[in-house]
Amino acid sequence: MNHHVENALNEIKRGISEIIDEERVVSLVKNYFEKGERFLVKVGFDPTAPDLHLGHTVLLQKMALLQKFGATIQFLIGDFTGMIGDPTGKNETRKKLTREVVLANAQTYKEQVFKILDPEKTNVMFNSKWIEALGSAGLVELTTTFNVARMLEREDFEKRYKSQAPISISEFLYPLLQGYDSVAMKCDIEMGGTDQKFNLLMGRHLQRAYNIGKEQAVIMMPLLEGLDGVNKMSKSLGNYIGVTDEPSDMFGKMLSISDTLMWRYYELLSTKTLEEIAQLKAGVLDGSVHPKHAKEALAQEIVTRYHGRDAAQAALESFNRVHAQHEIPEDIETFTCNESPIWIAKALVDCGLETSTSQARRDIKQGAIKLDQVRVEDEQLQLASGEYVVQVGKRKFVKLKVQ
């Protein structure tokens with residue numbers, strides 16, 4: 001296998017949960033590098049929720065990567081199936097949508113996804129086109145390809161059936177119709193989240209049943225953890241970064257994540273290569289790169305993607321302006337003072353921050369002394385017993401215990 005193909009496959013496999021029929025993916029990528037033949041990758045999107053957050057973009061990033069290696073993306077908006085409602089993971093029947101709402105949502109999708117995808121290599125499609133043409137005879141024929149027992153193996157159906165919650169026949173049609181999309185679209189690969197496995201496998205099954213001469217490979221992406229690093233990113237939990245968030249909010253939220261989660265985000269959201277990320281990680285480990293700088297680089301990359309380079313630079317500068325004033329080093333010395341109350345100038349000398357009380361008074365006048373991040377203005381200030389963080393200028397800190 002040549003070097004280009006191998007590199008491409010390593011990048012494709014990065015961060016994924018599961019590939020079904022990896023050999024097919026290998027041969028499609030190989031064909032593109034050797035003969036320039038493009039291949040079709042189907043991804044279905046829910047027409048109800050076009051307001052994307054970074055969790056949704058894990059899939060989009062992988063789609064954009066595949067476009068570089070020969071994929072034409074079939075961006076499928078399930079307008080027909082949206083009118084039925086997808087039962088996946090839902091414990092109750094979903095509300096139906098009107099045609100106008102579906103089309104308005106599709107427009108919003110385009111505005112958001114083309115910040116990531118290459119529009120030249122993307123076809124936006126609606127499944128009502130071929131499902132309406134299927135007709136009632138075609139629909140009945142479709143239902144003969146799968147039996148009820150197999151349908152009830154699907155986790156959410158099984159739960160609802162056991163707990164005697166209602167399941168309408170139309171909901172059984174949903175995975176069949178989603179699978180039939182793969183027949184009509186003649187896709188080579190279908191991608192989705194791990195929660196969609198049953199429906200993704202249905203596409204393979206139906207391409208075989210309808211004998212279209214190909215059987216789609218399946219690539220499943222994990223669900224991204226939210227800012228808390230525990231639950232999956234979702235609007236309802238509030239642990240999300242929306243792709244339409246303001247640059248400064250986006251930047252601030254990215255910097256709030258833990259160092260461990262940062263590497264997960266690098267893996268799933270960054271366009272840096274695996275090699276570049278490995279170098280950065282090594283730098284953080286050997287101390288040549290500060291973790292905060294690695295996080296800032298990621299935050300800038302994400303803000304640039306949705307708002308442009310200038311906005312990202314402005315967000316970084318504004319963040320540093322605000323936070324530089326509030327940063328207290330974690331490893332500051334603690335100094336204990338046994339007289340209470342104590343004159344501020346004497347305390348500064350005793351704990352080694354000032355050389356003399358007159359120098360301390362001059363610094364207070366110039367506004368260079370802070371107590372618990374508040375500037376000291378009274379040079380006669382007496383400190384009662386308690387704990388204080390004392391700061392002189394920008395860089396000198398002491399934790400002072402007066403007792």
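Keep in mind the model is a prediction, meaning the values are calculated, not measured.

Visitor: Help me understand the overall build of the chain, please; the structure alone is not making it clear to me.
Guide: A count of helical and extended segments in the chain gives 17 helices and 13 strands. In terms of overall dimensions, the chain is more spread out than a globule: its C-alpha atoms have a radius of gyration of 29 Å, far above the 22 Å expected for 403 residues. The principal-axis extent of the C-alpha atoms belonging to the chain is close to 95 × 55 × 35 Å. By sequence separation, contacts in the chain at least 24 residues apart represent 70% of the contacts at least 6 residues apart.

Visitor: Any chance you could explain the environment of Leu-60 here in plain terms?
Guide: Tracing the backbone through its elements, the reader meets Leu-60 in helix H3 (residues 54-68). Taking relative accessible area as the criterion, Leu-60 reaches 0% and is therefore assigned buried. In the structure, Leu-60 is positioned 227 residues away from Gly-287 in sequence and 33 Å away in space, judged by C-alpha atoms. In contact with Leu-60, not counting residues within four places along its chain, are Phe-45, Leu-52, Phe-75, Val-113, Ile-116 and Leu-117.

Visitor: Looking at this structure, how should I read helix H5 (residues 99-113)?
Guide: Helical geometry note: an α-helix holds 3.6 residues per turn, so side chains three or four residues apart project in the same direction. Its 15 residues place the ends of H5 21 Å apart at the C-alpha level, agreeing with the 21 Å of an ideal helix rising 1.5 Å per residue. Buried-residue contacts for H5 involve strand S2 (39-45), H3, strand S3 (71-77), helix H4 (79-82) and strand S4 (122-126).

Visitor: Would you explain the nonpolar core in this entry?
Guide: Generally speaking, soluble globular proteins have nonpolar side chains that are buried together. With 67 residues, the main nonpolar core has Leu-54, Met-63, Phe-75, Met-191, Ile-219 and Tyr-265 as its most contacted residues. At eight residues, H3 tops the list of elements feeding residues into this core. Those residues in contact with Tyr-265 that lie beyond four places of it in its chain are Leu-224, Glu-225, Gly-226, Leu-227, Met-233, Met-254, Ile-257, Ser-270 and Leu-298. In this structure, Leu-353, Val-376, Leu-383 and Leu-400 belong to the second largest nonpolar core, which totals 20 residues.

Visitor: Is there a simple way to think about the packing of helix H9 (residues 169-185) against helix H10 (residues 197-209) in this case?
Guide: The angle between the axes and the distance between the axes are what describe a pair of packed helices. Between H9 and H10, the shortest axis-to-axis distance is 7 Å and the interhelical angle comes to 55 degrees. When the axes of H9 and H10 are compared, the pair comes out oblique. Crossing of H9 against H10: the hand is right-handed. The segment H9 lies against H10, with Tyr-174, Pro-175, Leu-176, Gln-178, Gly-179, Tyr-180, Ser-182 and Val-183 engaging Phe-198, Asn-199, Met-202, Gly-203, Leu-206 and Gln-207. Partitioned by chemical class, the residues of the contact of H9 with H10 number eight nonpolar, six polar and no charged.

Visitor: Explanation requested: the environment of Glu-215 in the structure shown.
Guide: Note that Glu-215 resides in the loop between H10 and strand S6 (217-221). Taking the relative accessible area as the measure of exposure, Glu-215 reaches 24% and is therefore partly exposed. Note: C-alpha distance between Glu-215 and Gly-203 (12 residues apart in sequence) is 8.1 Å. There is a polar contact of 3.2 Å between the side chain of Glu-215 and the side chain of Arg-204.

Visitor: Teacher, can you tell me more about the side chain of Gln-74 here?
Guide: By the element assignment, Gln-74 lies in strand S3. Taking relative accessible area as the criterion, Gln-74 reaches 3% and is therefore assigned buried.

Visitor: What should I look at first to understand the packing of aromatic side chains in this one?
Guide: For any pair of aromatic rings, the description rests on two quantities: the centre-to-centre distance and the angle between the ring planes. Tallying each qualifying case throughout the model produces 10 aromatic pairs. On the numbers, 5.6 Å between centres and 70 degrees between planes, the contact of Tyr-32 with Phe-33 is edge-to-face. Here Tyr-32 falls in the partly exposed class, since its relative accessible area comes to 22%. For Phe-33, a relative accessible area of 29% puts it in the partly exposed group. An aromatic cluster is defined as three or more aromatic residues linked by ring pairs; in this entry it consists of Tyr-32, Phe-33 and Phe-69. The ring of Phe-157 is capped by Arg-154, whose NZ or CZ atom sits 4.6 Å from the centre of that ring.

Visitor: Help me understand the pairing of S3 in this model?
Guide: Along any regular strand, the residues point their side chains to alternate faces of the sheet. Where burial is concerned, most of S3 is hidden: seven out of the seven residues are buried. Here S3 shows two buried faces, one formed by Ala-71, Ile-73, Phe-75 and Ile-77 and the other by Thr-72, Gln-74 and Leu-76. Across seven bridges, S2 lies against S3 in parallel orientation. In the strand pairing of S3, Lys-42 is matched with Gln-74. As paired strands, S3 and S4 are joined by five bridges and run parallel to one another. Residue pairing across strands places Leu-76 opposite Met-125, the latter belonging to S4.

Conventions and cut-offs
Residues numbered from 1 in each chain as written. Predicted model: local features only at pLDDT ≥ 70, side-chain atom pairs only at ≥ 80, totals over all residues. Heavy atoms only, no water. Helix = DSSP H or I, 4+ residues; strand = E, 2+ residues; numbered from the N terminus. Rg over C-alpha atoms; globule rule 2.2 N^0.38 Å. Contact = heavy atoms within 4.5 Å. Buried < 20%, exposed > 50% of the residue type's maximum accessible area, 1.4 Å probe, protein only. Expected span 1.5 Å × (residues − 1). Core = buried A, V, L, I, M, F, W, Y, C linked by side-chain atoms within 4.5 Å. Axes fitted to C-alpha atoms, helices over the stretch in contact; angles between N-to-C directions. Parallel < 35°, antiparallel > 145°, perpendicular 65-115°, else oblique. Left-handed = near helix turned anticlockwise from the far one by under 90°. Nonpolar A, V, L, I, M, F, W, Y, C, P; charged D, E, K, R; others polar. Polar contact = N/O pair within 3.5 Å; in protein donor to acceptor, adjacent residues only side chain to side chain. Phe/Tyr/Trp six-rings, centres within 6.5 Å; stacked < 30°, edge-to-face > 60°. Lys NZ or Arg CZ within 6 Å of the ring centre and 35° of its normal. Pairing = 2+ DSSP bridges.

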